[in-house]
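Topology and contacts: notes
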Amino acid sequence: MSTVDGRVIKVALLGCGTVGGEVVRLLTEQAEELAARAGARVELAGIAVRRPDKHPELPPELVTSDVAKLVTSPDVDVVVELVGGIEPVRQWLLDALKAGKSVVTANKALLAEHSAELFEAADAAGVDLYFEAAVAGAIPLLRPLRESLAGDRITRVMGIVNGTTNYILSAMDSTGAGYAETLEEASRLGYAEADPTADVDGYDAASKAAILASLAFHTRVTASDVHREGIADVTASDLAAANVLGRTVKLLAICERVTADDGTESVSARVHPVMIPRNHQLAGVGGAYNAVYVEADAAGELMFYGQGAGGAPTASAVLGDLVAVARNRVVGGRGPRESAHAALPVRPMGQTPTRYHVSLDVADRAGVLAQVAQAFAGHGVSIAAVRQRDANDTASLVVVTHLAPDAALRSTVDDIAELDVVNQVVSVMRVEGEDQ
Ligand SMILES: NC(=O)c1ccc[n+]([C@@H]2O[C@H](COP(=O)([O-])OP(=O)(O)OC[C@H]3O[C@@H](n4cnc5c(N)ncnc54)[C@H](O)[C@@H]3O)[C@@H](O)[C@H]2O)c1
Ligand SMILES: N[C@@H](CCO)C(=O)O
Ligand code: NA
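Before going into details, it helps to say that this report is about the structure given with it. Just so it is clear, the structure is predicted and the values come from calculations on it, not from any experiment.

The rules behind each value
- Residues numbered from 1 in each chain as written.
- Chains lettered and ligands numbered in written order.
- Predicted model: local features only at pLDDT ≥ 70, side-chain atom pairs only at ≥ 80, totals over all residues.
- Heavy atoms only, no water.
- Near = heavy atom within 4 Å.
- Polar contact = N/O pair within 3.5 Å; in protein donor to acceptor, adjacent residues only side chain to side chain.
- Areas by Shrake-Rupley, 256 points an atom, 1.4 Å probe, with all protein chains shown as cover.
- Helix = DSSP H or I, 4+ residues; strand = E, 2+ residues; numbered from the N terminus.
- Nonpolar A, V, L, I, M, F, W, Y, C, P; charged D, E, K, R; others polar.
- 1 Å grid on protein atoms, 1.4 Å probe; cavity = no way out; pocket = protein on both sides within 12 Å on 5 of 7 lines; lining within 4 Å.
- Points joined across faces, edges and corners; volume = space filled by probe spheres on them.
- Donors = N, O, S within 2.8 Å, 3.2 Å for Na, K, Ca; no water.
- Buried < 20%, exposed > 50% of the residue type's maximum accessible area, 1.4 Å probe, protein only.
- Contact = heavy atoms within 4.5 Å.

1. Some details on the site of ligand 2
The environment of ligand 2 is formed by Lys108, Asn162, Gly163, Thr164, Tyr191, Ala192, Glu193, Asp199, Asp204, Lys208, Gly308 and Ala309. At 2.7 Å, a side-chain N or O of Asp199 approaches a nitrogen atom of ligand 2. Separating an oxygen atom of ligand 2 from a side-chain N or O atom of Lys208 is a distance of 2.8 Å. Relative to its free-state accessible area of 250 Å², ligand 2 is covered by the protein chains to the extent of 95%. If you list the elements that add at least two residues to the shell around ligand 2, you get helix H7 (163-175) and helix H10 (203-217). Of the residues belonging to the shell around ligand 2, the class tally is three nonpolar, four polar and five charged.

2. Comments concerning the layout of surface pockets
By volume, the second largest pocket is sized at about 330 Å³. Glu229, Asp233, Pro273, Val428 and Met429 are, among the 14 residues lining the second largest pocket, the residues nearest its centre. A per-element tally of the lining of the second largest pocket places strand S18 (residues 422-431) first, with five residues. Its residues placed into classes, the lining of the second largest pocket shows six nonpolar, three polar and five charged.

3. Regarding the site of ligand 1
Lining the immediate environment of ligand 1, one finds 22 residues, of which Cys16, Thr18, Val19, Glu193 and Gly310 sit closest. Between ligand 1 and the protein, one listed contact pairs an oxygen atom with a side-chain N or O atom of Glu193 at 2.7 Å. For ligand 1, whose free accessible area comes to 830 Å², the fraction covered by protein is 83%. Looking at the shell around ligand 1 residue by residue, the class counts come to eleven nonpolar, eight polar and three charged.

4. So, the coordination of the sodium ion (ligand 3)
Only Glu132 (O), Glu132 (OE), Val135 (O), Gly137 (O) and Ile139 (O) from the protein reach the sodium ion (ligand 3) as donors, at distances of 2.4 to 2.7 Å. Here the donor residues of the sodium ion (ligand 3) share one chain and are spaced in sequence as E-x2-V-x1-G-x1-I. Across this residue pair, the class does not change: Gly137 and Ile139 are buried.

5. Let's talk about the environment of Val78
Topologically, Val78 is positioned in strand S4 (residues 78-81). C-alpha separation for the pair Val78 and Lys101, spaced 23 residues apart in sequence, amounts to 5.0 Å. Other than its neighbours up to four places away in sequence, Val78 contacts Ile9, Lys10, Val11, Ala12, Ser102, Val104, Leu322 and Val325.

Below, the structure written as structure tokens:
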């Protein structure tokens, strides 16, 4: 029987790949415990895959390729979506919500573009939309933002939210391993997206940043609002330049509440490589692990850490959501709805305050430093530290700035590159954290 009265919650699973396969395993192995925790048996009503013939491990009576039929089947209470991508998934989930099914999804790409529409459909039907697995895999992060911190005022969310790029940067930093071989390994381990350029070019992290900023600041932020740079341009020179200063490079998502001098607030959301001191807590986060700091007025600083990618860790978050949905169905309640009441404007990247590390190869003669310093001053950028090392007739000059609008820093670097005394701009990267 497929009704809540019968204490059975029927689940349609869409996608049975890296994550979906683990969801099936855990649902089967932990059926008794899940029933006790949810207050109802949680049973599969169907599993939709692209190629049913490729899944001899699944019960044939459950497997289908007819997703549209499965998501609106009267037999189904909850749709768990683990296919990925935007279309046709968006339409399947809208159809499911309209038909009164709650939805659990790990699909950050979809949520970062269409969560408003999905929340509206969930509201209209009085059903749930849960997506803990969409950001930072196993780590409970969205539930704390949506529920535990709902009474606080969050000012910043910053961290490592993409396992694939963290795996690659960690390996490049520690073993000097090549980029391509490390990416291949990350794909083999099930961390990378179906198209790994989504990871490498920062799209995956930007989608997650949009979701985090939306929840943290009660504002609709979409992926296109997020400034995005991936790791494809991070070179061995960047890592070497970082190393000289006792730093390392991480791809960070940074979502901030920015308050202007006149007190008006805006939201800044960005994803880009960042140099951080080696003694920064994020520097020690290796492999496919994720770590996210949340700063809130009353709570202070919180840190969330754990496995951000991979089949089983992600399935853990999916199962947690599934139990929450099942419980809500059993008692007749609902989980949190969309909270976008603050509707803050999104601040363009050029106006966002950042700090730069600039490593230059310059001519070793009098007046060079003055010319470089003049370029910074010309854009109103204040210098925090300068370090010079001589080698034959050239010198290496490293400048770290104080906070300045990102556009001013960018223009400064453009001007410096044009100076006759500058042989080469070796590395330009944003900086977070103070050296101890
Ligand atoms: N792998 C991870 O570490 C991880 C972590 C967090 C979130 N996610 C998200 O979870 C989702 C699934 O990721 P995955 O790594 O398991 O992907 P995957 O490629 O391993 O699996 C995708 C599944 O979807 C099925 N599918 C694809 N197109 C279909 C169609 N048109 N009709 C029916 N079935 C179709 C495939 O048959 C496959 O079973 C994605 O949204 C991804 O972003 C993945
Ligand atoms: N491809 C993603 C999966 C987890 O969302 C990552 O590497 O982090
Ligand atoms: Na999570």
